[in-house]
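# Examination of the molecular architecture
Each chain, letter by letter, is given below.
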Amino acid sequence: MPATSTTMSGSYKQIYGKGGLIDALGNLSHDLWTKIGTSPNKPRGQGFYFPVHVAGNLSGGPTSEMAPLREAQSEEFVQAVVTPAKYEWSIEVSNDARYLGEGDQASFVQVVDNAFKSKADTAMTMLGNDVWLDGTGTLTLVNGAVSNSTTVVVDEAIRVREKMLLDGYESSTLKFQGQQVATVDPFTNTLIMKNTVTIADNGILRINRVDGSTVVPIAGMVRMVDTTTTGTTYLGVSRNTYRKWRGNVLDAGSVSVSGDLLQQAFDRVRIICGKTPSTIVSNMSQRRKYLNAAQPQRRFMNGTFDLGHDTLEFNGKGWMIDDKCQRDKIWLLDLADFEKYIVRDLDVNDEGGTLKPVPGYRKAIAYYEFIGQVACQNPYWHMQISNLAVPSI
């Protein structure tokens, strides 16, 4: 039987699903996202619920021979809920593109392979972005007012990609919608838009919301490891009422990273909860600052002179680099406390076939989807060092 578009459709799942050709061809590594394990607990109904122990029975203390027993206190628990976020990434293949490869399986795969490969990379990049963010969809803030211009300078351009469609907000007021990014310069944090836009300083840039509705992305590190800056609740539990439900935040006051600052951050976590974070995570800019501080202390004992470093540590804790991490922050994390709560892992939707004809058009569509969330159950085990001096990249 010839390899027509119909007969090829049945093999797409094998070619483009998880662990297939797409993983072999594309570099889809996203550092922190891939380091977070998957929870055995799958959210159902409105989410995954778990108890949070916010207060224990602290009745007790010194006593005398004839004193009565103290009245026991009640243990206090509140209920947290992990609510899944929903993502989709669509693909279109025209009939003409499909017909070019009919009768030749290898040719047909080659025609559509780039579309699937590119979209899978986009999907993984977006999840890798959002795991660092605050759950509002904000990618970055505008750095300087823009008036009827295509040039937009932002705080951090590293999470913006060419051809992204962005919405711009001033507070909650929509200023522009669905404007495409033409080019991105991550070194000067400059976006060149396809069309002119107008937006105030500190305007908010978000991924375009096609139907204007409120969507809830992954609540990433900025939300998980926070006090009350990004919200007074996390997973439905009040951070005002229960202070141990807060993460630890150390404001560096715009100074550069140092050994003393890192040790202070580790010590604060130890004082709060008696634990020591297992991993340090930062952007490569903060790694460079730390190397500059540590380099003068390096000794060359084996007859070689090499200023580079294969392994970076502080107090024996490994230092991981993720280019999506904020440039003004360093994170001290116990990675075992973070889990992905997955309803549907990133994959091609194959309900009704992988390529689905579009009625009234000479084309077919396909889409990747992900339904899940990332959460931690002990925010006070972790620390963010914020407001560090930002070196250039």
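So, how was this worked out
Residues numbered from 1 in each chain as written. Predicted model: local features only at pLDDT ≥ 70, side-chain atom pairs only at ≥ 80, totals over all residues. Heavy atoms only, no water. Phe/Tyr/Trp six-rings, centres within 6.5 Å; stacked < 30°, edge-to-face > 60°. Helix = DSSP H or I, 4+ residues; strand = E, 2+ residues; numbered from the N terminus. Buried < 20%, exposed > 50% of the residue type's maximum accessible area, 1.4 Å probe, protein only. pLDDT = per-residue confidence, 0-100. Contact = heavy atoms within 4.5 Å.

Moving on, we get to the packing of aromatic side chains. One pass over the full model with this rule turns up 10 aromatic pairs. Their ring planes at 25° and their centres at 6.0 Å tell us that phenylalanine 266 and phenylalanine 314 sit as a pair that is stacked. Separated by 48 residues along the polypeptide, phenylalanine 266 in helix H8 (residues 259–273) and phenylalanine 314 in strand E15 (residues 313–314) bring together distant segments of the chain. Taken individually, phenylalanine 266 and phenylalanine 314 each receive the classification buried, so the pair is uniform in this respect.

It is worth spelling out the confidence of the model for the protein at this point. The predicted model of the protein averages 83 in pLDDT, with 82% of residues at 70 or higher. Segment residues 1–29 is flagged for pLDDT under 50; beyond a separation of four residues in sequence, or across chains, it makes 61 contacts in the model.

With that settled, consider unusual backbone geometry. Phi at asparagine 189 takes a positive value of approximately 55°, unusual for a residue other than glycine. You can see asparagine 189 is positioned in the loop between strand E8 (173–185) and strand E9 (190–199). A positive phi angle is found at asparagine 387, which is not glycine, with a value near 60°. Considering the arrangement of structural elements, one finds asparagine 387 in the segment after strand E21 (383–386). Owing to a relative accessible area of 30%, asparagine 387 belongs among the partly exposed residues under this scheme.

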